[in-house]
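Letter by letter, the chains look like this.
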Amino acid sequence: MVGLVVVCHSRPLARAAVALASEMTRGQPLSIEIAAGLNEETYGTDAVAIMEAVVAADSGDGVVVLMDLGSAVLSAETALELLDDPGRVTLCPAPLVEGLVAAAVAAAGGAGRDEVVAEALGGLAGKQAHFDGFVADGGDVDAGPSSFVTVTDPHGLHARPAAQVVGAARSFDARVSLRNATTGSGWVPASSLSRVATLGALQGHELEVRASGRQGQEAVDRLVAVVGSGQSSALDGVPSELSTELRLSTGVSAPAAFSEQNVSGGGPPGRAGSAVGGAASPGVAIGPAMRLREPSVEVPDQPSLGVDVERGRLEAALDETRREIARIPDPIFDAHLLLLDDLQPDAAAGIEQGLAAPKAWQAAVDGIASSFDALPDPYLRGRAADVRAVGHQVLRALLGAPAAAVTGDGVLVAADLTPAEAAGLDPARIAGVLLAEGSPTSHAAILTRTRGIPAVVGAGRSVMQIPDGRVVALDGSSGEVVVGPSEEVLASFRARAAREEGRRQGARSRAADPAVTSDGTQVLVGANIGSIDDARAAAANGADLAGLVRTEFLFLDRATAPDVDEQVAVYRAIAEALGGRRVTLRTLDAGSDKPLPYLPGPVEANPYLGVRGLRLSLTHPAVFAEQLLAIARVARETPVSVMFPMVTTVDELRRARGMLDEAVNRAGGGRPDGLRVGLMVEVPAVALRAAEFVPYADFFSVGTNDLTQYTLAAERGNPALMSLARGLDPAVARLIDELGRAAAGRVPVAVCGEVAADEQAVPRLLAAGVRQLSVAPALVPLVKQSVRSVGVDQ
């Protein structure tokens, strides 16, 4: 059977295409592999991954590789050079989805490689047959259905509704064009964001929509509905002035209240009351709003290195920029992605004319931005800033310029933060963080807690309208945010901050003391650690141990797994930073939702329920054995607990323990006295069957983030489901009770999830039998103080 390989910039897109193709083969055997994306969320292509996919797909009859665009072709060509026998592989330029479906059906039916390629190349024929008068210039459409519609949006056809128009136009098998009948403009293709926006369509202007093709009438009807709806005014084009105090709730009603206040420009401010969600990092922050600033970038006067080289540079920069934009799932950034599509052809033309990629790109940006500058409406002229902003992102990627940085002191307002950006925040300058996106269990939220910076997340994209310099007050414990607070409200926040600081100072003064409840029960309070610096912070904050070391930080963002010596050096450094305290090393917690290029996994429809955690380690025993050997060697020098993640069955735990025993034997010197073995309780089935695991475990550690996710069927990183994951859910609490009863007097129980830092949850956890809590290093003193204030039997 001929094997198939799908090369695509997006892994979810590739999985969906493969699922569709597999559906068409009606259960027939099919050899198909995916080499898509750099990971689950990052766009790009990797030649080594493609080469490995080709090898896996080749069952003896050769392989056909289908690619989406741009650098996918270059990466596939590079992959051929890595193969011992590239002659067994054919790169096929067929359209990805249609070509893949046709190729899959042919391959599953036993066709040879040439026939599979021919079928793939003909995959688009069916769609082409539906088009009549399909022409290159969007303005020269054959006669077809047409209609007129009046623009109702107060700001006209600005970025957001223009992006909606483009998205709608592209969703039909039709060629759609628009013209501004009021101004007498020419026709423009409705599939081009920049061309649609330059119609200068204002509120009250009349547009004519026409289309040709099989779905021409449907396309016209849909665009008329989009243009005439006027539903985006509360989401874009909001004036930056805020004349009154505005109180935000991070619940779902907050963004609407914020937008309405801005749009109305007067009247009583929207007040959503105390926040009930989005509290990401405790503490009170007051300060002027500020943002990450892009450094200036100068285009060098350099000659072209050749069309192919410069085209490759541009493709790579565009891929990087798309990945940056895609990290923030906000509709407003859809317009930025569409702008990239509009700018790319002009830049490519400049490269063909002999310009270097940076100069060609800048010329394309200047050309489209100037078309906005020439418009009479001041709001539409302002859209030139969007073009220049996205242009700057690509230029920075082209030239390797530094990323955005914070200037000044205050409250950082952002759509979201990457882990690298959050890790780089300076607590001395950043009073607090307010994010439009994210959830309390996101990487950004975890890192703000680690650095002790108050934060509120998932507040809605309306917070991006807060002007620079406007005073923001937020409470990271409750999620409350006030923009432009009155003196009375400011005084309230300052009093709250003073009480919080006093409480923190009191907790810090006793950080090194044991955490003993009011009725005499000692509770160990450890730190969750993801680096050597975190270990130092844990020791400084009085942590009794490292309750969780996320060892995957050693495995991520690299082409090969760390060897035994590198792992030993890092684990030893963490132990030294903690001064001999116990170190709980969680084995590699990666997999389909946190993929590693050197540990490829299967295509999965739901990666959170797939091959991850211990399942992945057992699938790759060589890498797992190396990590266990490194842990065994360090355990000879310092007290170490080994913790296995994502355990579901007793058999998995027994297999992992058996491999650990083999590693101990390889390390020599007998079994270390301080070595303990446990598992994370993240799967509800383990909590319900805990008694079966007790004989094989020295401890249990509850990962409440994942346990909550799986119990409530609510993905932990989805801000829309933030309310479900807040605090200690009663169903999760019952599972911990079951675990505590099964473990009572036999196996100690710890909690290393975010709930361990929730003061309201701590008494409930202690009553369930939990005797160890592990939190972000900066929160250790506060959690110890919280333990001292309660009794186990309360």
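Criteria and cut-off values
Residues numbered from 1 in each chain as written. Predicted model: local features only at pLDDT ≥ 70, side-chain atom pairs only at ≥ 80, totals over all residues. Heavy atoms only, no water. Helix = DSSP H or I, 4+ residues; strand = E, 2+ residues; numbered from the N terminus. Buried < 20%, exposed > 50% of the residue type's maximum accessible area, 1.4 Å probe, protein only. Contact = heavy atoms within 4.5 Å. Areas by Shrake-Rupley, 256 points an atom, 1.4 Å probe, with all protein chains shown as cover. pLDDT = per-residue confidence, 0-100. Pairing = 2+ DSSP bridges. Salt bridge = Lys/Arg side-chain N within 4 Å of Asp/Glu carboxyl O.

J.: Help me understand the overall build of the chain, please; the structure alone is not making it clear to me.
T.: Along the backbone of the chain there are 29 helices and 27 strands. Expressed as a percentage of its 794 residues, the buried residues of the chain come to 53%. In the chain, the share of contacts with a sequence separation of at least 24, taken over all contacts with a separation of at least 6, comes to 72%. With an accessible surface of roughly 31700 Å², the chain has 52% of that area assigned to carbon and sulfur atoms.

J.: Got a minute to help me understand the confidence of the model for the chain in this structure?
T.: Mean pLDDT over the chain stands at 82; residues scoring 70 or higher make up 84%. Per-residue pLDDT, averaged within each element of the chain, yields its smallest value for helix H10 (residues 254-264) (32) and its largest for strand S22 (residues 583-586) (98). For residues 232-244, every residue scores under 50 in pLDDT, and the model assigns this stretch 39 contacts once sequence neighbours within four places are set aside. Note that residues 328-332 has pLDDT below 50 and, in this model, 10 contacts with residues that lie over four places away or in other chains.

J.: Explanation requested: the side chain of Ser 10 in the structure shown.
T.: Tracing the sequence through the fold places Ser 10 in the loop between strand S1 (3-8) and helix H1 (11-24). Given a relative accessible area of 13%, Ser 10 falls into the buried group. In this structure, Ser 10 is in contact with Ala 36, Gly 37 and Tyr 43, ignoring residues within four places of it in sequence.

J.: Honestly, the pairing of strand S17 (residues 471-475) in this entry has me stumped. Any pointers?
T.: Looking along a regular strand, one sees the side chains alternate between the two faces of the sheet. Burial within S17 is extensive, with 4 of its 5 residues counted as buried. Alignment of strand S11 (residues 284-290) against S17, held across 5 bridges, turns out to be antiparallel. Its bridge partner being in S17, Val 284 is matched across the sheet by Asp 475. Of the pairings in the sheet, the one linking S17 to strand S18 (residues 480-483) comprises 4 bridges and is antiparallel in character. Each residue of the ladder has a partner; that of Val 472, found in S18, is Val 483. As consecutive antiparallel partners, S17 and S18 are separated by 4 residues, and within that stretch Gly 479 has a phi angle of approximately 90 degrees, a positive value.

J.: What is the right way to look at the pattern of salt bridges in this model?
T.: Once their charged atoms are close, side chains differing in charge can pair, the charge on each being opposite to the other. By the definition in use, this model includes 30 salt bridges. Of the charged contacts in the structure, one is a salt bridge between Arg 633 and Asp 565, with a shortest N-O distance of 3.3 Å. Pair noted here: Arg 633 is in helix H22 (residues 621-635) and Asp 565 is in helix H20 (residues 564-577), with a separation of 68 residues, a long-range link. Each of Glu 500, Arg 503, Arg 504 and Glu 759 takes part in one network of salt bridges that share partners.

J.: Sorry if this is basic, but what is going on with the sheet that holds strand S6 (residues 175-180) here?
T.: Pairing between the strands of a sheet comes from backbone hydrogen bonds, and it takes one of two forms, parallel or antiparallel. In spatial order, the strands read S5-S8-S6-S7; together these 4 strands make up an open sheet with antiparallel pairing. Every interior strand has two partners, whereas the edge strands, strand S5 (146-150) and strand S7 (188-189), have only one. Both S6 and strand S8 (residues 206-212) contribute to a ladder of 6 bridges, which runs antiparallel. If you follow Val 176 over to S8, its bridge partner there is Ala 211.

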